[in-house]
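# Residue-level structural notes
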Amino acid sequence: MDLQAYLDRIGFVGVPRVDAATLKAMQRLHLRAIPYENFDVQLGRTMTLDPQAAFDKMVRQRRGGWCYEMNGLLGAMLREVGFQVTEMAGAVLRGERGAASHANHLVLRVDLDRPYIADVGFGDALLEAMPLEFGPHHCAGFDFSFEALDDGWLRFHNHPHGGAAYYDFRNEPADREELAAMCRWLSTAPDSVFTQTAFAFRHEPGGVAVLRGRTFNFIRPGGKAMQIIDSADEFASILRARFELDIPQARDLWPAVCARHEELFGALTP
C-alpha cells in the first residue's frame, strides 16, 4: 500500500506526523473524500477484512466502503505514518440485539499522549478522532459522548440525528476471526440490514449527506432535510454528484431499492 497515494486521495498536504493534529486531519479528510457505502454488498460481491483490498478499492478505484474497509484502510495508513493503532470490535445497538451484535462494527484506538477513538466507519458520526474521555464531546456542531457501562463495556453515543444511536466496545484488541465471521454474515445474510438496503454517507461542510434506499437526506446540527428519489437516473445522479460514486451497476438495484422502500415505509413523503 502506498501512503502517498492515500494522502493524495484524501487531499492531505504536507508531511504527516505522529501527533493529534495529523490524526484528526487524516480522519476529517478521509470522511470528506471517501464515502461510506455498501454497494458491493448490495451487488453480492465478496467482502473481506483485507486492508490491501480496501486500498485498491477506495484509493485506486476511488470507491467508498463500509466499516471494515473504511477503518481497516485508515488503520493501515495510520500505522504507515507511525501511529500505534489497536483494532477493537464494536457492537452496534448491543442493548437491543444482545450477543448477535458483537463485532458488527470495527473501531480504532490510537494511543498518543492519551488514547483516541478514530472511526471513519460509522457513517454520520465523528468528523475527527476524539480522546477516549467519558462525558460529552462536541465536533463539527454535533454532540457526542463516551460512557463507561457497568458490565465492562464502553459506549459511544452518536448525535441525536444519527442513523444509529450508539455502539458499545471493549477497550481491547478485537478477535480477527470474530470480525471476519461477522463481516461474512453481514454481507450475505438475508436478515442483514446491509443486504436489504443501499446506503451512502459523506461528510460535507455543514453536515452529512445520506442516501438510504429511495431517500436522500442532509443532516445538519439542527435537524435534517429529506427528499424522495423518483427514478434510477436520479439515484445514479445523486451518487455521482454528492458521493462521487460512479457505479454503473447501481442502476440495476433500483427495482429492489423501490420494493424495499415500499416494504419498510409504504407511501413515505418528506
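Residues numbered from 1 in each chain as written. Predicted model: local features only at pLDDT ≥ 70, side-chain atom pairs only at ≥ 80, totals over all residues. Heavy atoms only, no water.

## Re the sheet that holds strand β2 (residues 84-92)
Definition in use: The pairing criterion is simple: DSSP has to find at least two bridges between the two strands. Working definition: helices are DSSP H or I runs of at least four residues, strands are E runs of at least two. Numbering for both runs from the N terminus. Contact criterion: two residues are considered in contact whenever any of their non-hydrogen atoms come within 4.5 Å of each other. Axis definition: a line fitted to C-alpha atoms, limited for helices to the stretch in contact. Angles are taken between N-to-C directions and run from 0 to 180 degrees.
If you walk across this open sheet you meet the eight strands as β5-β4-β3-β2-β9-β8-β7-β6, and the pairing is antiparallel. Two strands lie at the open edges of the sheet, namely β5 (130-131) and β6 (135-139), each paired on one side alone. Both β2 and strand β3 (residues 105-111) contribute to a ladder of seven bridges, which runs antiparallel. The residue of β3 that forms the bridge with M88 is V107. Its contacts with the sheet put helix α2 (residues 20-33) on β3 and β4 (115-118), and the angle it makes with β4 is roughly 10°.

## Section: the side chain of D124
Put simply, the rule reads: Relative accessibility thresholds used throughout: buried, under 20% of the residue-type maximum; exposed, over 50%; partly exposed, between the two (1.4 Å probe, protein chains only). We score Asp and Glu as negative and Lys and Arg as positive, and we do not count His or the chain ends. Think of a salt bridge as a Lys or Arg side-chain nitrogen and an Asp or Glu carboxyl oxygen that are within 4 Å of each other. Polar contacts here mean pairs of N or O atoms no more than 3.5 Å apart (in protein, one a potential hydrogen donor and the other a potential acceptor; neighbouring residues in sequence count only if both atoms are side-chain atoms).
You can see D124 is positioned in the loop between β4 and β5. R212 provides the closest opposite charge to the buried, salt-bridge-free D124, at an N-O distance of 5.2 Å. At 2.9 Å, the side chain of D124 and the side chain of N158 are in polar contact. Beyond its immediate sequence surroundings of up to four residues, D124 is in contact with N158, H159, H161, G162, G163, F201, H203, V208 and I219.

## Notes on the packing of aromatic side chains
Each aromatic ring pair is summarised here by two numbers: the centre-to-centre distance and the angle between the ring planes. Filter applied, for reference: Think of it this way: a Phe, Tyr or Trp ring, Trp meaning its six-membered ring, pairs with another when their centres are within 6.5 Å, and the plane angle makes it stacked under 30 degrees, edge-to-face over 60, tilted otherwise.
On inspection of all chains with the given rule, the structure shows 13 aromatic pairs. Their ring planes at 80° and their centres at 4.8 Å tell us that F122 and Y167 sit as a pair that is edge-to-face. With F122 in the loop between β4 and β5 and Y167 in strand β9 (residues 166-169), the pair connects residues that are 45 residues apart, well separated along the chain. Each member of the pair, F122 as well as Y167, carries the same accessibility label: buried. Seen from their ring centres, F235 and W254 are 5.4 Å apart, and the 45° between their planes marks the pair as tilted. Taken together, the positions of F235 in helix α9 (residues 232-243) and W254 in helix α10 (residues 254-265) put the pair 19 residues apart, joining distant regions of the chain. Residue F235 shares its accessibility class with W254, and that shared class is buried.

## Notes on the packing of helix α4 (residues 51-60) against helix α5 (residues 67-81)
As a reminder, the rule being used: Angle categories are assigned with fixed cut-offs, so that under 35 degrees is roughly parallel, over 145 is roughly antiparallel, 65 to 115 is roughly perpendicular, and the rest are oblique. When residues are sorted by character, Ala, Val, Leu, Ile, Met, Phe, Trp, Tyr, Cys and Pro go into the nonpolar class, Asp, Glu, Lys and Arg into the charged class, and all the rest, Gly among them, into the polar class.
Contact geometry of α4 with α5 gives a least axis separation of 9 Å together with a crossing angle of 100°. Here α5 runs roughly perpendicular to α4, going by the angle between their axes. Together, P51, A54, F55, K57, M58 and V59 of α4 and E69, M70, G72, L73, A76 and M77 of α5 make up the contact between the two elements. Considered class by class, the residues forming the contact of α4 with α5 number nine nonpolar, one polar and two charged.

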